[in-house]
Amino acid sequence: MTAAVREIRAEPVEMDLPPSELGEGPVWLEDRDELAFVDIQRGLIELLAVATSHVRTIAVGEMVGSFAPTRSGDLVAAVATGFVLVDLSTGRTRRLATLERLDPTIRMNDGKADPWGRFWAGTMGIDKRPGAGTLYCLEPDLHVRVVVAPVTISNGLDWTDDRRTMFYVDTPTQRVDRFDLEGDGLDLRNRRTFASLRPDQGAPDGLTLDASGGLWLALWGGFEVACYGPSGVVEARIPVPAGHVTSCAFGGPDLADLYITTAFAELSDAERAAQPLAGRLFHCRPGPRGRLANRFDDSGLTPGSAG
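Definitions and cut-offs
- Along each chain, the written sequence defines residue order, and numbers are assigned to residues from 1.
- With pLDDT at 70 or above as the cut-off, local features in this predicted model cover only qualifying residues; side-chain atom pairs require 80 or more to be listed or tallied, and sums for whole chains, interfaces and linings still use all residues.
- Heavy atoms throughout the structure, all of them, feed into the side-chain values; hydrogens and water do not.
- Comment: elements are numbered from the N terminus, with helices defined as DSSP H or I runs of at least four residues and strands as E runs of at least two.
- Based on C-alpha atoms, the radius of gyration is set beside the globule rule, defined as 2.2 Å times the residue count to the power 0.38.
- Throughout, exposure labels follow a simple rule: accessible area from a 1.4 Å probe, protein chains only, divided by the maximum for the residue type, with under 20% read as buried, over 50% as exposed, and the rest as partly exposed.
- Here, two residues are considered to be in contact whenever any of their heavy atoms come within 4.5 Å of each other.
- In this count, Lys and Arg are taken as positive residues and Asp and Glu as negative ones, while His and the chain termini are left out.
- Charge positions are represented by NZ for Lys, CZ for Arg, CG for Asp and CD for Glu.
- Among buried residues, the Ala, Val, Leu, Ile, Met, Phe, Trp, Tyr and Cys ones that are joined through side-chain atoms within 4.5 Å form a nonpolar core.
- Pairing between strands is defined by DSSP: at least two bridges between them are needed.
- Axis definition: a line fitted to C-alpha atoms, over the contacting stretch in the case of helices. Angles run 0 to 180 degrees between N-to-C directions.
- N or O atoms within 3.5 Å of each other form a polar contact, as long as, within protein, one can give a hydrogen and the other can take it, and as long as residues adjacent in sequence are counted only when both atoms are side-chain atoms.
- Whenever a carboxyl oxygen of Asp or Glu lies within 4 Å of a side-chain nitrogen of Lys or Arg, that contact is scored as a salt bridge.

Re the overall build of the protein chain
Right, so step 1: Check the secondary structure of the protein chain and you find one helix and 25 strands.
Right, so step 2: For 307 residues, the compact-globule estimate of 2.2 N^0.38 gives 19 Å, and the protein chain sits close to it at 18 Å.
Right, so step 3: When its C-alpha atoms are laid out on the principal axes, the protein chain stretches across 55 × 45 × 40 Å.
Right, so step 4: For the protein chain, the residues scored as buried account for 59% of the 307 residues in total.
Right, so step 5: Pairs at least 24 apart in sequence give 48% of the contacts found in the protein chain among residues at least 6 apart.
Right, so step 6: Taking the 31 positively charged and 43 negatively charged side chains of the protein chain as two groups, their mean positions are separated by 2 Å.

Take a look at the structure:
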């Protein structure tokens, strides 16, 4: 007998911030009690102090696809031309690495730090053309490694606590894939399907794992976040009153709050009128707790060491 799928209610987060054109990449910053996320095309990193609902905005100066906290308390971000360090005190950025051959019609997309202290981020063609993207890994010594190529829309990824599995989404495949990891996590093997979706369910976007091994997947065009158990079966759904659901992350003092980003990009005027909450940040408490975000190892960086 198939277990019933739980349905969880999400509510918009009240804050003094206009809707995001392309909200993405939420990350809980536990040292600051802030939920940070990006508005990709506007080149913004938004920092929400959840206790007060105050939002501070950092303008990066170019499109920013994703970021991760660093061990020193700043952010490393994937921007249109490469990777930068973002000083959270001043909002200033410092170049870490430039992707010299990056086509101007390609931009950075989703990314995360891994358990070893590296930052992974992938690219996509702005026109979504097949095979234009690459999944990169920025190492602590600022070497940039190509990990998976070609891809079309490099998207959500996360690692299990035992460091033996990485989940990854290339959106047009309509799949969440899993890799076996060897050694220090750079040897990806045995790529296989963890979960697949029909087109009418939406397209897989950002994802996060909870502390129990559940995988929470945002569905672009699907009006929801779906939770998959370790066997790849849907166990819970979070309906969202915005079609373009982009990503999700656990946060809050007890890591039991799930924050969900959405977008109004690519909606027609009629669709925007029918979805007045598109681009808003949503929130719920689904039951499981999350995990603290991995941090990029910036301990070897010194003033002037950036490329």
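Here's the deal with the nonpolar core
Right, so step 1: Counting residues in hydrophobic clusters, the biggest one holds 22 residues, and the most contacted among them are Leu 29, Ile 45, Leu 47, Phe 67, Leu 75, Ala 77 and Val 86.
Right, so step 2: If you list the elements that add at least two residues to this core, you get strand S3 (23–29), strand S4 (34–39), strand S5 (44–49), strand S7 (64–69), strand S8 (75–79) and strand S9 (82–86).
Right, so step 3: Ranked by the residues each element gives to this core, the list is headed by S8, at three residues.

A short note on the sheet that holds S9
Right, so step 1: Read across the sheet, four strands follow the order S7-S8-S9-S10 without closing on themselves; strand pairing throughout is antiparallel. Looking at strand neighbours, the two that pair on one side only are S7 and strand S10 (93–98), the edges of this open sheet. Neighbour to neighbour, the strand axes of the sheet diverge by 25° on average, direction disregarded.
Right, so step 2: Where S8 and S9 come together, five bridges link them in antiparallel fashion. Paired with Val 76 across the bridge in S9 is Leu 85.

Observations concerning the environment of Arg 191
Right, so step 1: Mapping Arg 191 onto the fold places it in strand S18 (residues 187–196).
Right, so step 2: C-alpha of Arg 191 to C-alpha of Phe 264: the two residues are 73 residues apart in sequence and 33 Å apart in space.
Right, so step 3: In this structure, Arg 191 is in contact with Val 148, Tyr 168, Asp 170, Arg 175, Asp 177, Arg 178 and Phe 179, ignoring residues within four places of it in sequence.
Right, so step 4: A polar atom in the side chain of Arg 191 sits 2.8 Å from the side chain of Asp 177.

Here we look at the pattern of salt bridges
Right, so step 1: One pass over the full model with this rule turns up 25 salt bridges.
Right, so step 2: A salt bridge links Arg 71 to Asp 297; the nearest nitrogen and oxygen atoms lie 3.5 Å apart. Of the two residues, Arg 71 sits in the loop between S7 and S8 while Asp 297 sits in the segment after strand S25 (282–284), which places them 226 residues apart along the sequence.
Right, so step 3: We classify Asp 297 as buried; its relative accessible area is 16%.
Right, so step 4: When the shortest N-O distance is used, the salt bridge between Asp 177 and Arg 191 registers 2.8 Å. Residue Asp 177 is found in strand S17 (residues 175–182), and its partner Arg 191 is found in strand S18; the two are separated by 14 residues along the sequence.
Right, so step 5: Salt bridges linked by common partners bring Asp 254, Asp 257, Arg 285 and Arg 289 together as one network.

Regarding the environment of Leu 138
Right, so step 1: Locating Leu 138 in the fold gives a position in strand S13 (residues 133–138).
Right, so step 2: Between the alpha carbons of Leu 138 and Ile 8 there is a distance of 36 Å; along the sequence they are 130 residues apart.
Right, so step 3: Residues contacting Leu 138, with those up to four places away along its chain left out, are Val 76, Phe 83, Leu 96, Ala 97, Arg 118, Phe 119, His 143, Val 144 and Phe 296.

Regarding the sheet that holds S13
Right, so step 1: Pairing is antiparallel across the open sheet formed by four strands, whose spatial order is S11-S12-S13-S14. The sheet terminates laterally at strand S11 (106–113) and strand S14 (144–151), the two strands that pair on one side only. In this sheet, adjacent strand axes meet at a mean angle of 20° when their direction is disregarded.
Right, so step 2: For S13 and S14, the ladder comprises five bridges, and the chain directions are antiparallel. Looking at the pairing, Cys 137 lines up with Arg 145 of S14.

What about unusual backbone geometry?
Right, so step 1: For the bond from Ala 149 to Pro 150, the omega torsion is -5°, close enough to zero to count as cis.
Right, so step 2: Looking at where Pro 150 falls in the secondary structure, it is placed in strand S14.
Right, so step 3: Unlike most non-glycine residues, Phe 223 shows phi in positive territory, near 60°.
Right, so step 4: Tracing the sequence through the fold places Phe 223 in the loop between strand S20 (215–220) and strand S21 (224–228).
Right, so step 5: For Glu 266, which is not glycine, the phi torsion reads 70° and is therefore positive.
Right, so step 6: When you line up the elements, Glu 266 lands in the loop between strand S24 (257–263) and helix H1 (269–274).
Right, so step 7: According to the relative accessible area criterion, Glu 266 is exposed, its value standing at 56%.

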